[in-house]
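Each chain, letter by letter, is given below.
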Amino acid sequence: MRNTPTLTHRAALTAATVTAALVLAACGNDTSSNDSGSGHPGGHGSASSSTGADATAGAHNAQDVSFARGMLPHHQQALEMAELAADRASSTGVKGLASRIEKAQGPEIRTIGGWLTSWGEDVPTSSDSTTESMPGMDHSAGSGMPGMRDDSDMDELDKASGTDFDTMFLTMMIGHHEGAVAMATTEKSKGVYGPATSMADDIITAQTAEIAEMNKLLGKS
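Nothing here was measured: the structure is a model prediction, and the numbers come from that model. (Residues numbered from 1 in each chain as written. Predicted model: local features only at pLDDT ≥ 70, side-chain atom pairs only at ≥ 80, totals over all residues. Heavy atoms only, no water.)

Describing the packing of helix α3 (residues 92-118) against helix α6 (residues 194-217)
Right, so step 1: With their axes 12 Å apart at the nearest point, α3 and α6 run at an angle of 165 degrees to one another. Between α3 and α6, the interaxial angle falls into the category roughly antiparallel. Crossing handedness for the pair α3 and α6: left-handed. Where α3 abuts α6, its residues G93, V94, L97, R100, I101, Q105, E108, T111, I112 and W115 lie against P195, A196, M199, I203, Q207, E210, E213, M214 and L217.
Right, so step 2: Its residues assigned to classes, the contact of α3 with α6 shows 11 nonpolar, four polar and four charged. (Axes fitted to C-alpha atoms, helices over the stretch in contact; angles between N-to-C directions. Helix = DSSP H or I, 4+ residues; strand = E, 2+ residues; numbered from the N terminus. Parallel < 35°, antiparallel > 145°, perpendicular 65-115°, else oblique. Left-handed = near helix turned anticlockwise from the far one by under 90°. Contact = heavy atoms within 4.5 Å. Nonpolar A, V, L, I, M, F, W, Y, C, P; charged D, E, K, R; others polar.)

Right under this line is the structure:
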C-alpha cells in the first residue's frame, strides 16, 4: 500500500517534468523563430538596402567602360591639338577656344581616369586610340574612335602656323568634337553610371556649341 502512493507520486512528477520540458522547448522555438523573424529579415533588409544603395551609386556596365576608355584618349588628343594653338595660331578666336578646351577637358580626363581605376580597368592613353573601338560608332581617319586624328594629321598640324594652322585646327577639331558628341550620345542612351551619363550630357551641350563657334570662325555660318 505504501508503494502505490509513491509510484503515483513519481508518475505525476515525471509527467509534470515532461510537460514543463515540452513547454520550455516550445517557448524556445518561438523565441528563436521570433528572433529570426526580427533579426535576419531586419539584418538582410539593412544589408540589402545598403548594398542596393551602393550598387546603384556605383553601378556601371560595359558601355560605361567603353565610353570611359574611348573618351579619355579622345580628350587627350584634343588637349594635344589645343596646346599647339598657343604658339601657332594667329586668330585670337582660335587661341581662346583652344584655351577653353584645355580648361574643360583636362579635369574630365582626371575624372574619367578615376572611374576606370575604381572599376579595376586599365587607363588608356591617346596612343591606344587606334586599338579602341566604340560599339555602334562609325570610324574615321583610320582610328577606332570617331573624330580621332591619325599620326599624319597630327604631324601636319604640328608643322602648320598662322592662318594655315587656324584653318587646319578648326577643321580637325570640328570633326573631333562631332566624334565626341556621337560617343556621348551613345553613352546617354546605353550607359547606367550616373556620373558618366551626366558628363556625356555636358559634352554634348558644350561641344555642340563649340562646333557652331568653330564653323563661324571658318566663315561657314
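A word on the environment of L170
Right, so step 1: Its place among the elements puts L170 in helix α5 (residues 162-190).
Right, so step 2: Using a relative accessible area of 3% as the deciding quantity, one classes L170 as buried.
Right, so step 3: Residues L170 and L217, 47 residues apart in the sequence, show an inter-C-alpha distance of 8.0 Å.
Right, so step 4: Setting aside chain neighbours within four positions, we find L170 in contact with V94, L97, M214, L217 and L218. (Buried < 20%, exposed > 50% of the residue type's maximum accessible area, 1.4 Å probe, protein only.)

A closer look at the pattern of salt bridges
Right, so step 1: Scanning the entire structure with this criterion turns up four salt bridges.
Right, so step 2: Note that R149 and D153 form a salt bridge whose closest N and O atoms lie 3.4 Å from each other.
Right, so step 3: Look at D153 and you get buried, because its relative accessible area is 16%.
Right, so step 4: Ionic pairing is found between K188 and D201, a salt bridge with its closest N-O pair at 2.9 Å. Of the two residues, K188 is situated in helix α5 and D201 in helix α6; the sequence distance between them amounts to 13 residues.
Right, so step 5: By relative accessible area, which is 43% here, K188 ends up partly exposed.
Right, so step 6: Classification of D201 as partly exposed rests on a relative accessible area of 32%. (Salt bridge = Lys/Arg side-chain N within 4 Å of Asp/Glu carboxyl O.)

Description of the side chain of H75
Right, so step 1: With respect to the helices and strands, the residue H75 is situated in helix α2 (residues 62-88).
Right, so step 2: By relative accessible area, which is 0% here, H75 ends up buried.
Right, so step 3: Here Q105 takes part through its side chain, which lies 3.1 Å from a polar atom of the side chain of H75.
Right, so step 4: Excluding anything up to four places from it in sequence, H75 contacts Q105, E108, I109, I203 and Q207. (Polar contact = N/O pair within 3.5 Å; in protein donor to acceptor, adjacent residues only side chain to side chain.)

With respect to the nonpolar core
Right, so step 1: If you look at the biggest cluster of nonpolar residues, it comprises 45 residues, and the most contacted ones within it are F67, I112, W115, L157, F165 and F169.
Right, so step 2: Mapped by element, the contributors of at least two residues to this core are α2, α3, α4 (151-159), α5 and α6.
Right, so step 3: Among residues more than four places away in sequence, those in contact with W115 are F67, A68, Y193, P195, A196 and M199. (Core = buried A, V, L, I, M, F, W, Y, C linked by side-chain atoms within 4.5 Å.)

Looking at the confidence of the model for the protein
Right, so step 1: With 65% of its residues at a pLDDT of 70 or more, the protein shows a mean pLDDT of 77.
Right, so step 2: Per-element mean pLDDT across the protein ranges from 41 in helix α1 (residues 3-58) up to 98 in α6.
Right, so step 3: Across residues 1-57 the pLDDT falls below 50, and counting only partners more than four positions away or on other chains, this stretch makes six contacts in the model.
Right, so step 4: Within the model, the stretch residues 129-143 combines pLDDT values under 50 with 37 contacts to residues more than four positions away or in other chains. (pLDDT = per-residue confidence, 0-100.)

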